[in-house]
Amino acid sequence: MKKLLFIATIFLSLSCSNGDDFEPVYMDKIFVENPERTVKVNIIYVENEGDAKRSYNFNEQEFMNYLNGYYFHRLGIGLELNESKVLANEELYDLRDNVGSEASTFFMQSQDSYEKGKLNIYIIKRSNIIGVAGMGRNQRVLLTDTNIFNSTSPHEIGHALGLFHDDEITNIMSTTLNKDLRQSFNEEQEKRIEKRIDQINLGM
Ligand SMILES: [Zn+2]
């Protein structure tokens, strides 16, 4: 039995003001005491070559609570912060120089710093990327620092855990431009995620 710790209703305001007729979206934050599955998360701050210190300012535990409360605990999955570290990598830090090949640059440059038995989330400055909000594949996620607390995070984590895009506009894996509409994974996606997490925890 999942034990509900608390439910908080949070109003997510829609930022569209140009005549969109979307209804406001309400989502409940749901926490369970002991999720059936957990996956450990590494957060990796990408810095410029020579910068050994992290220049990003955000609360990692708040980020885990955001992901767990809105998206993952309700699936019986808990994301647990393992460690956070800094990766000095000029190529990755300034992705503007790699327009059109951001994905291949990301996977190449993160090859030595990601851990197999973890979910690895790389944080990059939005100002250093032009057209990409985030990416995800092979248990690696790249997020820009302005897209940490919106549905880009679970969307890219979904990709990193093996999910593809979905046509349903309220599905987290939808490609809708209105990110507030993306709310949930479907059952099939849930099963895929669970399977992938089991593999990750086995170091596969
Ligand atoms: Zn996507």
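Values in this document were obtained by computation on a predicted structure and should not be read as measured data.

Enquirer: If you had to explain the coordination of the zinc ion to someone new, which residues and values would you point to?
Expert: Protein coordination of the zinc ion is provided by His155 (NE2), His159 (NE2) and His165 (NE2), with donor distances spanning 2.0 to 2.1 Å. Of note, the donors binding the zinc ion are all from one chain and are spaced H-x3-H-x5-H. Within this pair, whereas His155 is found in helix H4 (residues 152–160), its partner His165 is found in the loop between H4 and helix H5 (187–201), the two being separated by 10 residues in sequence. Look at His155 and you get buried, because its relative accessible area is 5%. Residue classification places His165 among the partly exposed positions, given a relative accessible area of 48%.

Enquirer: I'd like to hear about helix H1 (residues 60–72), residue by residue, with values.
Expert: Among the 13 residues of H1, 10 are classified as buried, and the element is accordingly described as predominantly covered. Within the span of H1, buried status applies to Glu60, Phe63, Met64, Tyr66, Leu67, Asn68, Gly69, Tyr70, Tyr71 and Phe72. The backbone nitrogen of Gln61 has a side-chain oxygen 3.0 Å away, supplied by the residue at the start of H1, namely Asn59.

Enquirer: Before we move on, could you go through helix H3 (residues 102–109) and cite the residues and values that matter?
Expert: When H3 is considered as a whole, its buried residues turn out to be Glu102, Thr105, Phe106 and Phe107. Contacts from the buried residues of H3 go to helix H2 (90–93), strand E5 (119–124), strand E6 (134–137) and strand E7 (140–144).

Enquirer: Run through the packing of H1 against H4, naming residues and quoting values.
Expert: One way to put it is that H1 packs onto H4 with a least axis distance of 10 Å and a crossing angle of 75°. In this view, H1 runs roughly perpendicular relative to H4, as classed from their interaxial angle. Residues Phe63, Leu67, Tyr71 and Phe72 of H1 pack against Ser153, Pro154 and Ile157 of H4. Partitioning the contact of H1 with H4 into residue classes produces 6 nonpolar, 1 polar and no charged.

Enquirer: Break down the side chain of Thr144 for me, citing the residues and quoting the values.
Expert: You can see Thr144 is positioned in strand E7. Separated by 3.1 Å, the side chain of Thr144 and the backbone oxygen of Ala133 make a polar contact. For Thr144, the residues in contact, after removing those within four places along its chain, are Ile124, Arg126, Ile129, Val132 and Ala133.

Enquirer: Please set out the confidence of the model for the chain residue by residue, giving values where relevant.
Expert: In the predicted model, the chain carries a mean pLDDT of 88, and the fraction of residues at 70 or more is 88%. By mean pLDDT, strand E1 (residues 4–12) is the weakest element of the chain at 47, and H5 is the strongest at 98. Taken together, the stretch residues 8–20 has pLDDT below 50 and engages in 24 contacts with residues farther than four places along the chain or on a different chain.

Enquirer: Give me the pattern of salt bridges: which residues, what numbers.
Expert: Applying the stated criterion across every chain, the model contains 7 salt bridges. A salt bridge links Glu60 to Arg54, with the nearest nitrogen and oxygen atoms 3.3 Å apart. The buried category is assigned to Glu60, whose relative accessible area is 14%. Relative accessible area serves as the criterion here: at 32%, Arg54 is assigned to the partly exposed category. With its nearest N and O atoms 2.9 Å apart, the salt bridge here joins Glu115 to Lys118. Accessibility expressed as a relative area gives 14% for Lys118, which makes it buried. One network of salt bridges, with partners in common, ties together Glu83, Lys85, Glu115 and Lys118.

What counts, and at which threshold
- Residue indices follow the written sequence of each chain, beginning from 1 at its first position.
- The predicted origin of the model limits local features to residues at a pLDDT of at least 70 and limits the giving and counting of side-chain atom pairs to 80 or more, whereas totals for whole chains, interfaces and linings rest on all residues.
- Derived side-chain values reflect all non-hydrogen atoms in the structure, with water molecules and hydrogen atoms excluded from consideration.
- Distances decide who is a donor: an N, O or S atom must be within 2.8 Å of the metal, or within 3.2 Å for Na, K and Ca. Water is not included, so sites may look incomplete.
- Where helices and strands are cited, they refer to DSSP runs of H or I of at least four residues and of E of at least two residues respectively, numbered from the N terminus.
- Relative accessibility thresholds used throughout: buried, under 20% of the residue-type maximum; exposed, over 50%; partly exposed, between the two (1.4 Å probe, protein chains only).
- By the criterion applied in these results, polar contacts are pairs of N or O atoms within 3.5 Å in which, for protein atoms, one can donate a hydrogen and the other can accept it, and in which residues neighboring in sequence qualify only through two side-chain atoms.
- When checking whether two residues touch, look at their non-hydrogen atoms; a contact exists if any pair is within 4.5 Å.
- To get an axis, fit a line to the C-alpha atoms, keeping to the stretch in contact for a helix; angles then go from 0 to 180 degrees between the N-to-C directions.
- Should an angle fall under 35 degrees it is called roughly parallel, over 145 degrees roughly antiparallel, and 65 to 115 degrees roughly perpendicular, with every other angle called oblique.
- Only Asp, Glu, Lys and Arg are considered charged in this grouping, and only Ala, Val, Leu, Ile, Met, Phe, Trp, Tyr, Cys and Pro are considered nonpolar; every other residue, Gly among them, is considered polar.
- You can read pLDDT as the predictor saying how much it trusts each residue, on a scale of 0 to 100.
- Salt bridges are defined by distance alone: a side-chain nitrogen of Lys or Arg within 4 Å of a carboxyl oxygen of Asp or Glu.

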